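Summary of the model geometry
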Amino acid sequence: MTFGFDPAEREAIAATLDAAVPGSVEWGAVEYVERLLGAFDHEPPRIWAAPGTWAGDGPAWLDPGPWERHAWRLRIDAWRSVYARIARGADDDADRRVAFEHACESSYGDPAYGGNREGAAWVAVGFPEPLFPPARSDP
Amino acid sequence: MTDCDAIIIGSGPGGATAAEVLTAAGWSVIVVEKGRNHLIDLQAPFEPLRHFANDEIAAVRRHLLGPDPLLEPRSYRRSEADGDRLMVGEVNNLPSTVGGGGVHADAKLPRFREEDFALLSARGPIDGARIEDWPIGYDDLEPHYAAAEASFGVAGEAGANPFAAWRSGPYPMRPGDDMPTALVSAAAAQRAGLHPYRAPTGVNSVAYDDRPACVDCGYCSGYGCAIHAKGDPIAALARALRTGRCRIVPEAYVTELVLDPAGRRATGVRYLDLTVCPDPPVRELRASRAVVLAAGAFETPRLLLRQGIGGDAVGRYLTYHYQTFTVGWFPHSVGGERGRSVTHLHDDLMIDTPDLRRVAAAAGLAWVRGGVVEHGGANAPVEEATTYGPGAHHPASMRDSAIRRRMWVFTMQGEDLPQAANRIDLDPSVRDVWGMPAGRVTYAPHRHELVASAYAGPVHEAILLDAGAEVAFTSTSPPQGDLGAHAAANPLGIAPASRHVMGTARMGIDPATSVVTPEQRLWDLDNVVVCDSSVFVTSTGYNPTLTLAALSHRAATLLAG
Ligand SMILES: Cc1cc2nc3c(=O)[nH]c(=O)nc-3n(C[C@H](O)[C@H](O)[C@H](O)COP(=O)(O)OP(=O)(O)OC[C@H]3O[C@@H](n4cnc5c(N)ncnc54)[C@H](O)[C@@H]3O)c2cc1C
Ligand code: SF4
């Protein structure tokens, strides 16, 4: 089982993400947040995508060290609380700032992380495909 | 029983250069590095690792190269009047990883000029600043500059910069391709009477040292190079490893120098083994001859201060480059998505001209020097997106892309005068996750920096307008004025954004006012040699890394005898 929002949570969170960055939900912002909050449902945890096929065969995700795992667990636990508040409608400005930053990351970061579906956000703003993209593995 | 001849703390450009020199001289060394290894396979044949991609999420947003500010916070205040601190978080963070800041720097590697080593003699004192001549001159350092350029592989064009210091030979290779808009801004700078030139850069323009030529991917400043076309410092580390006399120990956080009973020599280091979490064990390594301290100009004083080593000047005379950004918004794309972030520089504001004399006289200063000016573009859509703020305007702002696609920037790395009150010390209550006091910055620019910046802004705005920008404006880091408004609006934050950190363990000839000797040995521990930019006496207005590597090359050569 990997992390996912239930339909009611999804609706509230999608509304917040889309209000912050209109279009982000269509590009995959909810999936981006789900993958981020579920990073530790995989081994190695899905924090940093490894280089893509241009670099030869290799693992799809880089392996964080023990202290990096510690920091990312703390961060993700805090964000899970943020999104729980957003889902309940009990969010504050700081929570909405987190959602905004994630909406920006999901839209304009690499599709490897679950947002920016097929690079659509990059196309919309005329940003060119990277020469050395990270691996884009299946969820 | 000892483990090696020398222990080197830190694997950035300073530590890597020392490792290359000492192993070439037959010494055995252990490089102890706090961060993780994403750079080079530590087993023979020491191939470059393939961990880097063109990935803003990993490199910029998710701290791939460390340090993670949740684990290692720092604090900042402008002066003691601010209380213990104004903020906690990222302050001048350079990567904490095998290779240090060299891994993601875009490697503009100019040399300093003759005058930079003798500023007091050449230009005289300025009230409120401790300007001194360096105890060594350009001529002493020239052979080491040449060696560092050959090691990292610097691409450049001798004679292109009319103000450059003399050099004993050509650059190792020709410059790489120009960024197209740099040609436009360089031409406009020339029309204004300035002297732009192709930036000497530690990036291969041709295959060199078994590494490929750069392909101008655009992810240069702030990213590890996917194909290792940047030579700093993988080239030096690889050569050290290939001697068979170098071992690199990553995830090893040095907390203490181990001293002999008389307290006059270091016999080794203690470190936390960060491969274990929680409760990392303390381990010890012993060196028979020397300890090289190359933790960077932020962490080196922090380590010394924890042990009370080095005297009163440790941490003081902290300098950055006071950064003045003149931004031009063009009506069309400027192509920052490809290229090496910056391909052209001009030095004119470092030179003693009638204009700058007038500016100095009007401000009541003995002299004014600006800094090297980088002509560059941007390539970070996520950072851009976070800058526009949330709301309905967002898609239109991104499509318009004033602060990425249409933005060309002159960044002046302004000379920052050494002041005793500007310092790194230990925060009284903020600690890192391992319980060590965090480094705290107290910093405010001298009036000289503000005067130079105020002069540079209009000069550069006029050039960008002449180059075709529709709008030009200037800002600085750190921002001046009301911090409340800036904290919310300024994407660079309130602390100095400069990653050029210098001068916290200055070299000199007087133990009362300096921390290290002209050979870069600590005055109070003669087998500890400092090999990073903390030894800088003045900041000059040039990017520091080639000079700190040349100094490391010189100090390690002297150490090895
Ligand atoms: C985006 C960016 C672009 C840049 N571009 C340029 C440029 O174009 N030109 C230029 O000249 N400079 C540039 N710089 C600055 C350059 O990166 C630094 O000047 C350079 O890395 C400093 O080298 P150093 O060896 O002194 O220290 P660092 O590179 O900081 O290396 C020090 C190493 O020591 C390790 N360390 C610290 N404390 C400990 C400890 N207690 N125990 C064990 N290890 C420890 C750190 O983890 C680190 O890896 C840039 C920096 C950035 C961030
Ligand atoms: S621009 Fe060149 S040197 Fe810089 S990261 Fe890309 S390929 Fe490497």
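It should be noted that the structure appears before, not after, this text.
First, a word on what this report is: a plain description of the structure on this page.

The subject of this paragraph is the packing of aromatic side chains. Using the criterion set out here, one finds 21 aromatic pairs over all chains in the structure. When the ring of Trp61(A) is compared with that of Tyr113(A), the centres are 5.8 Å apart and the planes differ by 80°; the resulting orientation is edge-to-face. Residue Trp61(A) is located in the loop between helix 3 (29-37) and helix 4 (66-88), and its partner Tyr113(A) is located in the loop between helix 5 (93-108) and helix 6 (120-125); the two are separated by 52 residues in the primary sequence. On the basis of relative accessible area, Trp61(A) is assigned to the buried category, the value being 8%. Seen from their ring centres, Trp72(A) and Trp79(A) are 6.1 Å apart, and the 65° between their planes marks the pair as edge-to-face. The class of Trp72(A) is buried, set by a relative accessible area of 2%. Here a set of aromatic residues connected by ring pairs shows up, and it is made of Phe112(B), Phe117(B), Trp134(B), Tyr138(B), Tyr145(B), Trp166(B), Phe536(B) and Tyr542(B). Here Arg74(B) stacks its cationic end above the ring of Phe298(B), 3.5 Å away from the centre of that ring. Lying over the aromatic face of Trp27(B), Arg289(B) brings its terminal NZ or CZ to 4.1 Å of the ring centre.

Around ligand 2, a shell composed of Val203(B), Cys214(B), Val215(B), Asp216(B), Cys217(B), Gly218(B), Tyr219(B), Cys220(B), Cys225(B), Lys230(B), Gly339(B) and Arg340(B) is seen. Grouping the amino acids of the shell around ligand 2 by side-chain chemistry returns seven nonpolar, two polar and three charged.

Moving on, we get to the pattern of salt bridges. Residues and elements named next belong to chain B. Per the stated rule, a full pass over the model turns up 53 salt bridges over all chains. Here arginine 239 makes a salt bridge to aspartate 209, at a shortest N to O gap of 3.1 Å. On the criterion of sequence distance, the pair formed by arginine 239 in helix 6 (residues 234-242) and aspartate 209 in the loop between strand 5 (197-198) and helix 6 is long-range, its members being 30 residues apart. Under the relative-accessibility criterion, arginine 239 is labelled partly exposed at 24%. Note on aspartate 209: relative accessible area 26%, which makes it partly exposed. Of the charged contacts, one joins glutamate 384 and arginine 404 as a salt bridge, the two residues approaching to 2.8 Å between their closest N and O atoms. Pair noted here: glutamate 384 is in helix 9 (residues 381-388) and arginine 404 is in the loop between helix 10 (394-400) and strand 13 (407-414), with a separation of 20 residues, a long-range link. As far as the burial class goes, glutamate 384 and arginine 404 line up, both buried. One salt-bridge network, held together by shared partners, links Arg113, Glu115, Asp116, Arg123, Arg369 and Glu415.

With that out of the way, let us pick up the interface of chain B and chain A. Facing 49 residues of chain B, the contacting portion of chain A comprises 46 residues. Between chain B and chain A lies a buried interface of about 3900 Å² when both sides are counted; carbon and sulfur atoms form 66% of it. Applying the counting criterion to the chain B and chain A interface returns four salt bridges. Where Arg61(B) meets Glu105(A), a salt bridge forms, and the shortest distance between an N and an O atom there is 2.7 Å. At the junction of chain B with chain A, the criterion picks out 15 residue pairs in polar contact (both at pLDDT 80 or more). Mapped onto the side of chain B that touches chain A, the elements with two or more residues apiece are helix 2 (56-61), helix 9 and helix 10 of chain B.

Next up on the list: the packing of helix 4 (residues 138-152) of chain B against helix 13 (residues 545-560) of chain B. Residue and element names in this part refer to chain B. Packing of helix 4 against helix 13 leaves a shortest axis separation of 8 Å and a crossing angle of 110°. Taken together, the axes of helix 4 and helix 13 are roughly perpendicular relative to one another. Counting all contacts with helix 4, which are made through Asp140, Leu141, His144, Tyr145, Ala147, Ala148, Glu149 and Phe152, the residues of helix 13 involved are Leu546, Thr547, Ala549, Ala550, Leu551, His553, Arg554 and Thr557. Classifying every residue of the contact of helix 4 with helix 13 by side-chain character gives nine nonpolar, four polar and three charged.

Take the sheet that holds strand 14 (residues 423-431) of chain B next. All names here are of chain B. As summarised here, the arrangement of the four strands in space is 4-3-15-14, forming an open sheet in which the pairing is mixed. Each end of this open sheet is capped by a strand with a single partner; those strands are strand 4 (87-89) and strand 14. Ignoring which end each strand starts from, the neighbouring axes of this sheet average 30° apart. Alignment of strand 3 (residues 74-77) against strand 15 (residues 437-442), held across three bridges, turns out to be parallel. Following the sheet pairing, arginine 77 is matched in strand 15 by threonine 442. On the sheet, helix 7 (residues 296-307) packs against strand 3, strand 14 and strand 15 and is oriented at approximately 65° with respect to strand 14.

Residues and elements named next belong to chain B. Taken together, 37 residues sit near ligand 1, with Glu33, Ser96, Gly101, Lys108 and Thr545 positioned nearest. Backbone polar atom of proline 13 to an oxygen atom of ligand 1: 3.2 Å apart, as the coordinates give it. Note that an oxygen atom of ligand 1 is positioned 2.6 Å from one of the side-chain N or O atoms of glutamate 33. Alone, ligand 1 offers 990 Å² of accessible surface; in the complex the protein occludes 94% of this. Secondary structure elements with two or more residues in the shell around ligand 1: helix 1 (13-24), strand 7 (252-259), helix 7 and helix 13. In terms of residue count, strand 7 provides more of the shell around ligand 1 than any other element does, three residues in total. Considering only residue class, the shell around ligand 1 consists of 14 nonpolar, 16 polar and seven charged.

Scoring rules and cut-offs
- Residues numbered from 1 in each chain as written.
- Chains lettered and ligands numbered in written order.
- Predicted model: local features only at pLDDT ≥ 70, side-chain atom pairs only at ≥ 80, totals over all residues.
- Heavy atoms only, no water.
- Phe/Tyr/Trp six-rings, centres within 6.5 Å; stacked < 30°, edge-to-face > 60°.
- Helix = DSSP H or I, 4+ residues; strand = E, 2+ residues; numbered from the N terminus.
- Buried < 20%, exposed > 50% of the residue type's maximum accessible area, 1.4 Å probe, protein only.
- Lys NZ or Arg CZ within 6 Å of the ring centre and 35° of its normal.
- Near = heavy atom within 4 Å.
- Nonpolar A, V, L, I, M, F, W, Y, C, P; charged D, E, K, R; others polar.
- Salt bridge = Lys/Arg side-chain N within 4 Å of Asp/Glu carboxyl O.
- Contact = heavy atoms within 4.5 Å.
- Buried area = accessible area lost by both parts, 1.4 Å probe.
- Polar contact = N/O pair within 3.5 Å; in protein donor to acceptor, adjacent residues only side chain to side chain.
- Axes fitted to C-alpha atoms, helices over the stretch in contact; angles between N-to-C directions.
- Parallel < 35°, antiparallel > 145°, perpendicular 65-115°, else oblique.
- Pairing = 2+ DSSP bridges.
- Areas by Shrake-Rupley, 256 points an atom, 1.4 Å probe, with all protein chains shown as cover.

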